[in-house]
Amino acid sequence: MSKGKIAGKEPAEVELNKGETKYFCACGESDKQPFCDGSHRHNDFEPVVFTPKRDGKVFLCMCKQSSNLPYCDGTHNTL
């Protein structure tokens, strides 16, 4: 799978709710980063669908280069 456009070089800290399905932007084109707004309609990407297993803050990848999408793995530090 190809990597998306870099939307930022720092992770997004977001509060998530257990069991609530989320759609993470993998293409980097969404205006609602880090979540999908449908901008992928114009490219070959699909959002990463995930459901948190617990309530709380997480760090989601904004560089779109993580090997653990939607979560940040620190790859932005090498860009």
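Predicted, not measured: the structure shown is a model, and the values here were computed from it. (Residues numbered from 1 in each chain as written. Predicted model: local features only at pLDDT ≥ 70, side-chain atom pairs only at ≥ 80, totals over all residues. Heavy atoms only, no water.)

Let's talk about the overall build of the chain
Our working rule: In this text, helices come from DSSP runs of H or I with a minimum length of four residues, and strands from runs of E with a minimum of two, each type numbered from the N-terminal end. The globule rule used here is 2.2 Å times the number of residues to the 0.38 power, and the radius of gyration it is set against is calculated over C-alpha atoms. Only protein chains enter the accessibility calculation, which uses a 1.4 Å probe. A residue is then buried if its area is under 20% of the maximum for its type, exposed if over 50%, and partly exposed in between. It only takes one pair of heavy atoms within 4.5 Å for two residues to be counted as in contact. Note on areas: Shrake-Rupley with a 1.4 Å probe; residue coverage comes only from the protein chains shown. Charged residues are defined here as Lys and Arg on the positive side and Asp and Glu on the negative side; His and the ends of the chain fall outside this count. Where a charge lies is defined by one atom per residue type: Lys uses NZ, Arg uses CZ, Asp uses CG and Glu uses CD.
If you tally the helices and strands in the chain, you get zero helices and four strands. The globule rule puts the C-alpha radius of gyration for 79 residues at 12 Å, and the 12 Å found for the chain is close to it. Taken over 79 residues, the chain has a buried fraction of 39%. For the chain, long-range pairs separated by at least 24 residues make up 59% of all intrachain contacts whose partners lie at least 6 apart in sequence. Summing over all exposed atoms, the chain offers an accessible surface of approximately 5000 Å²; the carbon and sulfur share of this is 46%. Side chains of the chain give 11 positive and 11 negative charges; the mean places of these two sets differ by 3 Å.

A short note on the state of the cysteines
Quick note on the threshold: Defined by distance alone, a disulfide is two cysteine sulfur atoms within 2.5 Å.
One pass over the structure, following the stated rule, counts zero disulfides. The closest cysteine sulfur to the non-disulfide-bonded Cys27 is located on Cys25, 3.8 Å from its own sulfur.

Thoughts on the nonpolar core
Cut-off, in case you're wondering: What is meant by a nonpolar core is a set of buried Ala, Val, Leu, Ile, Met, Phe, Trp, Tyr and Cys residues, joined one to another through side-chain atoms within 4.5 Å.
Ranked by internal contacts, the top residues of the largest apolar core, which has 15 residues, are Val14, Leu16, Phe24, Phe35, Phe50 and Leu60. Those elements that provide at least two residues to this core are strand E1 (12-16) and strand E3 (48-50). With three residues, the top contributor of residues to this core is E1. If we skip the residues at most four places from it in the chain, Phe35 touches Val14, Leu16, Lys22, Tyr23, Phe24, Cys25, Ser30, Phe50 and Leu60.

Here's the deal with the UniProt feature "domain: Iron-binding zinc finger CDGSH type" (unreviewed entry) in the chain
The following threshold applies: UniProt positions are given in the numbering used here, feature names are shortened, and annotations may be inferred rather than shown by experiment.
Taken from the UniProt record, the annotation "domain: Iron-binding zinc finger CDGSH type" (unreviewed entry) applies to residues 9-46 and 47-79. In the segment residues 9-46, helix accounts for 0% and strand for 21%; the C-alpha atoms at its two ends are 21 Å apart. For residues 47-79, the end-to-end C-alpha separation is 22 Å, with 0% helix and 24% strand making up the annotated structure.

Focus: the pattern of salt bridges
As a reminder of what qualifies: Whenever a carboxyl oxygen of Asp or Glu lies within 4 Å of a side-chain nitrogen of Lys or Arg, that contact is scored as a salt bridge.
Enumeration over the complete set of coordinates arrives at three salt bridges. Glu13 is paired through a salt bridge with Lys57; the nearest N and O atoms lie 3.8 Å apart. Residue Glu13 is found in strand E1, and its partner Lys57 is found in strand E4 (residues 56-60); the two are separated by 44 residues along the sequence. Look at Glu13 and you get partly exposed, because its relative accessible area is 47%. Residue Glu20 pairs with Lys22 through a salt bridge whose shortest N-O separation is 2.9 Å. A relative accessible area of 33% places Glu20 in the partly exposed class.

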